[in-house]
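Spelled out, the chains give:
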Amino acid sequence: MKKLALYLLVGATLVGCGGDDNSDFSSNPSPDPNPGIKLLPGIYSGVTNEGEYLEGLVDDDNRMWFTYFAEQEGFIGFVKSNEPVVLNNSKFKTSGKNYPFDSRSSRSITINGNVQTSKAIVGTIDESGSDKINYNIGYDEASSNRKQTLDMINNRMFNIDSYGTGRNGSIGTTITFTTDGKFTGSDNSSCISTGKFTPAASGRYFVSTMTFSGSACSGAGYDVGQTYTGVAVINKDNELKLLSTDSMKNKSIAFIGSMNPS
């Protein structure tokens, strides 16, 4: 895994570092017998031992969605757990995938974690043949309590960069929302996408669906005809951040950008 970090969707206060010893993690965790420590759904951010920044989301089903970025390189990719996280004595071990935003394909990973006081997680991300990455993330209460509503997006336009697994660089894209969270996207390669945002039950984020059509989309590296599903957040600065994967969980699309001020 090259320079892996978890970049979730908004900033938060960082917490202390974790070690790389995961000998206490259970490979088949059972429900936590100590209910005092819980994994809180919401927004987290932090760092890795390689100096990269993490921001992300634990969704209502306790699945983890994290993008990773560095000051010099910008956005590098994102990771996602395949299944909901289940704690065993405040620890967890779950399978996932790393979706780099370059020519590499997605790769299987193992995410280990130790939940501390419900608002901090330390652990490692392991990818076969690569060094373990230590991560350290903290809960952002203010951002987690900020409700995501359709009024934030309906009849609004966003200028974003589109990133994808298996291709180098980003593609400039304009996303235009109409009503009920429905949107149409058009990028610099003339690829057209359509989709919809629906507020999650908790109101902390949107659930997204999106499809691509036409030969221009195939040329841009999108899977035409596939439905990409994921999560999205509009932060306090009116920045849109969306992470999604195809139905086979082999490819990803990330939309990151700002609301058009006009």
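Before going into details, it helps to say that this report is about the structure given with it. Keep in mind that this is a model prediction, so the values were computed, not measured.

Strand order in the closed barrel made by the eight strands is β9-β10-β11-β12-β13-β14-β15-β16, with antiparallel pairing throughout. Shown here is a sheet whose adjacent strand axes are inclined to one another by a mean of 30 degrees, direction ignored. In the sheet, strand β9 (residues 157-164) pairs with strand β10 (residues 171-177) via six bridges, with the strands oriented antiparallel. Paired with Asn159 across the bridge in β10 is Thr174.

As a further point, take the packing of aromatic side chains. Using the criterion set out here, one finds 15 aromatic pairs in the structure. With a centroid separation of 5.1 Å and an interplanar angle of 65 degrees, the aromatic rings of Phe177 and Phe197 are classed as edge-to-face. Here Phe177, found in strand β10, pairs with Phe197, found in strand β12 (residues 192-199); they are 20 residues apart in sequence, far enough to count as distant. Taken individually, Phe177 and Phe197 each receive the classification buried, so the pair is uniform in this respect.

The next point concerns the nonpolar core. Judged by nonpolar contacts, the single largest core of 24 residues is most densely connected at Ile153, Phe158, Phe197, Met210, Phe212, Tyr222 and Phe255. Looking at this core, the elements that each hand over two or more residues are β9, β10, β13 (206-213), β14 (227-234), β15 (239-245) and β16 (252-259). With near-sequence residues (within four places) excluded, Phe158 lies in contact with Met152, Ile153, Thr173, Thr174, Ile175, Phe177, Ile234, Asn238, Leu240, Ser258, Met259 and Asn260. Ranked by size, the runner-up nonpolar core spans 21 residues in total, among them Leu54, Met64, Ile76 and Phe92.

Reading the values: the criteria
The numbers attached to residues start from 1 for each chain and follow its sequence in the written order. The predicted origin of the model limits local features to residues at a pLDDT of at least 70 and limits the giving and counting of side-chain atom pairs to 80 or more, whereas totals for whole chains, interfaces and linings rest on all residues. For the side-chain quantities, the full set of heavy atoms in the structure was used; hydrogens and water were omitted. Each pair of strands is called paired provided DSSP finds at least two bridges between the two strands. Going along the chain from the N terminus, every DSSP run of H or I of four or more residues is numbered as a helix, and every run of E of two or more is numbered as a strand. Axes here refer to lines fitted to C-alpha atoms; in helices the fit is confined to the stretch in contact. Angles between the N-to-C directions go from 0 to 180 degrees. Stacked, edge-to-face and tilted are the three classes for Phe, Tyr and Trp ring pairs, Trp counted by its six-membered ring, which pair at centre distances within 6.5 Å; planes under 30 degrees apart are stacked, over 60 edge-to-face, the rest tilted. The rule is simple: take the accessible area with a 1.4 Å probe, protein chains only, and divide by the maximum for that residue type; under 20% is buried, over 50% is exposed, in between is partly exposed. Residues enter a nonpolar core if they are buried and are Ala, Val, Leu, Ile, Met, Phe, Trp, Tyr or Cys, with the set joined through side-chain atoms within 4.5 Å. It only takes one pair of heavy atoms within 4.5 Å for two residues to be counted as in contact.

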